[in-house]
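Residue-level structure breakdown
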Amino acid sequence: MDTHVPGLPPKFDALDRELLVDPYPTYTRLREASALCRGGPATWVVTRYAEVSSLLRDPRVGHEFPERLGRPDVVLGTQPNFELPAIVSAIEPPAHTRIRGALSQALTPPVVRRMTTLVERTVHDLLEPALQRGSFDAVTDLAFPLQTVLTCTLVGVPEEDRAEVTRHGVELGRSLILFPFVSPELGNGVPQARWLREYVADLVKARRAEPKDDLVSTLVTNADRTGELSDDEIVDNVVFLFFAGFETSIHVLASGIAALLSFPDQLHRLREDPSLMPAAVEELARYDAPIQWIARVTGEPVEIGGRTLRAERVLLLLLGSANRDPRQFPDPDRLDIGRKPNGHLSFGAGIHRCMGLHLGRAQVSTSLRVLLERCSMLEPAGEPVVRPHPNLRGYSAVPVAVRAA
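Since this is a predicted model, take the numbers as computed values, not measurements.

**Here we look at the sheet that holds strand S12 (residues 399–404)**
The strand order across the open sheet formed by three strands is S4-S12-S9, and the pairing between neighbours is antiparallel. Sheet topology places strand S4 (135–137) and strand S9 (375–380) at the edges, where each strand pairs with a single neighbour. Pairs of neighbouring strands in the sheet enclose a mean axial angle of 30 degrees, with direction left out of account. Relative to S4, helix H7 (residues 138–155) is tilted by about 65 degrees, and along the sheet it contacts S4 and S12. Sheet contacts for helix H15 (residues 357–374): S4, S9 and S12; angle to S9, the most-contacted strand, approximately 110 degrees.

**Thoughts on the sheet that holds strand S5 (residues 293–298)**
Sheet architecture is open: five strands sit in the order S1-S2-S8-S5-S3, paired in mixed fashion. This sheet does not close on itself; its edge strands, each paired only once, are strand S1 (36–38) and strand S3 (61–62). Bridge count for S5 against strand S8 (residues 314–318) is five bridges, and the pairing is antiparallel. Following the sheet pairing, Val-297 is matched in S8 by Val-314. The sheet contacts of helix H3 (residues 49–56) involve strand S2 (43–46), S3, S5 and S8, and relative to S8 the element is tilted by about 120 degrees.

**A word on unusual backbone geometry**
Along the chain, Pro-93 connects to Pro-94 via a cis peptide bond; the corresponding omega equals 5 degrees. Locating Pro-94 in the fold gives a position in the loop between helix H4 (72–75) and helix H5 (95–104). A cis amide bond links Lys-340 to the next residue, Pro-341, at an omega of -5 degrees. In this fold, Pro-341 is placed in the loop between helix H14 (319–322) and H15. Phi is positive for Ala-42, which is not a glycine, with a value near 55 degrees.

**Points about the environment of Ser-230**
Locating Ser-230 in the fold gives a position in the loop between helix H10 (215–226) and helix H11 (231–262). Accessibility expressed as a relative area gives 33% for Ser-230, which makes it partly exposed. Between the alpha carbons of Ser-230 and Ile-99 there is a distance of 9.5 Å; along the sequence they are 131 residues apart.

**Regarding the environment of Gly-62**
Tracing the sequence through the fold places Gly-62 in strand S3. Owing to a relative accessible area of 14%, Gly-62 belongs among the buried residues under this scheme. Gly-62 sits 31 residues away from Pro-93 along the chain, and the two C-alpha atoms are 9.9 Å apart. Sequence-distant contacts of Gly-62, that is, excluding residues within four places in its chain, are made with Glu-92, Arg-296 and Val-297.

**A short note on H7**
Between its first and last C-alpha, H7 extends 24 Å over 18 residues, near the 26 Å set by a 1.5 Å rise per residue. Positive backbone phi, at 105 degrees, marks Gly-156, one or two positions downstream of H7.

**Re the packing of aromatic side chains**
Enumeration over the complete set of coordinates arrives at five aromatic pairs. Look at Trp-195 and Tyr-199: their rings are 5.6 Å apart centre to centre, the planes differ by 5 degrees, and that puts the pair in the stacked class. Of the two residues, Trp-195 and Tyr-199 are both situated in helix H9 (residues 190–209); the distance of four residues between them amounts to about one turn of the helix. Among the residues examined, Trp-195 registers a relative accessible area of 24% and is labelled partly exposed. The aromatic ring of Tyr-24 is capped on one face by Arg-324, whose charged end is 3.7 Å from the ring centroid. The ring of Tyr-287 has Arg-324 sitting right over it, with the charged end atom 4.2 Å from the ring centre.

**Some remarks on the pattern of salt bridges**
For the structure on display, the rule yields 25 salt bridges. Between Arg-197 and Asp-232 there is a salt bridge, with its nearest N and O atoms 3.5 Å apart. Highlighted residues: Arg-197 in helix H9 and Asp-232 in helix H11, separated in sequence by 35 residues. Overall, Arg-197 belongs to the partly exposed group, its relative accessible area being 21%. For the salt bridge of Glu-282 with Arg-361, the shortest nitrogen-to-oxygen distance reads 2.7 Å. Here Arg-361 lies in helix H15 and Glu-282 lies in helix H13 (residues 277–287), a separation of 79 residues in the sequence. The class of Arg-361 is partly exposed, set by a relative accessible area of 24%. Linked by salt bridges that have partners in common, Glu-32, Asp-325 and Arg-327 make up one network.

Each value, and the rule that gives it
- Residues numbered from 1 in each chain as written.
- Predicted model: local features only at pLDDT ≥ 70, side-chain atom pairs only at ≥ 80, totals over all residues.
- Heavy atoms only, no water.
- Pairing = 2+ DSSP bridges.
- Helix = DSSP H or I, 4+ residues; strand = E, 2+ residues; numbered from the N terminus.
- Axes fitted to C-alpha atoms, helices over the stretch in contact; angles between N-to-C directions.
- Contact = heavy atoms within 4.5 Å.
- Buried < 20%, exposed > 50% of the residue type's maximum accessible area, 1.4 Å probe, protein only.
- Expected span 1.5 Å × (residues − 1).
- Phe/Tyr/Trp six-rings, centres within 6.5 Å; stacked < 30°, edge-to-face > 60°.
- Lys NZ or Arg CZ within 6 Å of the ring centre and 35° of its normal.
- Salt bridge = Lys/Arg side-chain N within 4 Å of Asp/Glu carboxyl O.

Take a look at the structure:
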């Protein structure tokens, strides 16, 4: 994984099996060796908090992959953005500023409050059979079905379409590759993206003819009034919600429950002092980031760790490693739900900071609050099962034993 070659920084192998199962020991070795590691062709890997945090905000470092670096599907291993060229996370100003501003008008505080009420009601419903059985799986019985209800309700997907839309959204998210390594076994996500584009395009037409109380209707109504968004831009970014929202939100909640179970003193502390919930959500996101790293491209020469990188070099910013950097976080491998300050990078930073941040925080905090209220006992019912993926950190199963309050 980190074999050292004299005169060169250590090497980062994103597909190493050890890294896929538990990346943190490898991050520690790489981080202590250097702020900058070698990746694939024309690729460098950034390991430490100070450098990652700075680069996330650096205007010289962007998302747009220059065509002159070669065919994206060859260099990146897939087509970037999955034929979704207008998604807000992968474009730069001024288009980014315009599209992000228009999208933010549809994710207002009243929308977040309404969705939070839905989360509370749904978690109560999902816990009923779990409390009768005395156990549940935090992924399949809680986080996944909760996210399905939340995302589909937010977007406006009719009940009868939710199973198929969810299937395509999950497959797209799980084939997501945002790094310059070829990994054919993960798939390229293009068929799912095309199916979802067609579905959302039809939904846009339907909501233009008959608006409802959902995100697509708001986007269409605002776009028709202001002209800020084209239909293609609406479609691409609603599709983006499916795979981005499903993966990150599911894993923050399920991995957070797994972390609390592995640190029972912190679970007890949260139960005894619910006012710690906001800080706890931030710490859970820091401790096990759902997106372990993101790719950027240098638009001009950039100095990192004493080495000057040329323009048109791919950077992998290791969010998961930065979040465990002891230079920034004392005792970083321990969960501390009262940790302050906690400037973790799990939701990104700068102009590309996660748009659904407020909704995601509300979803996790509400879910955990209801879980603690309804369950007098929460204990592991088996070992969590990691779902290996080069970039998305999460579990396929987190078995939990419960007793009703």
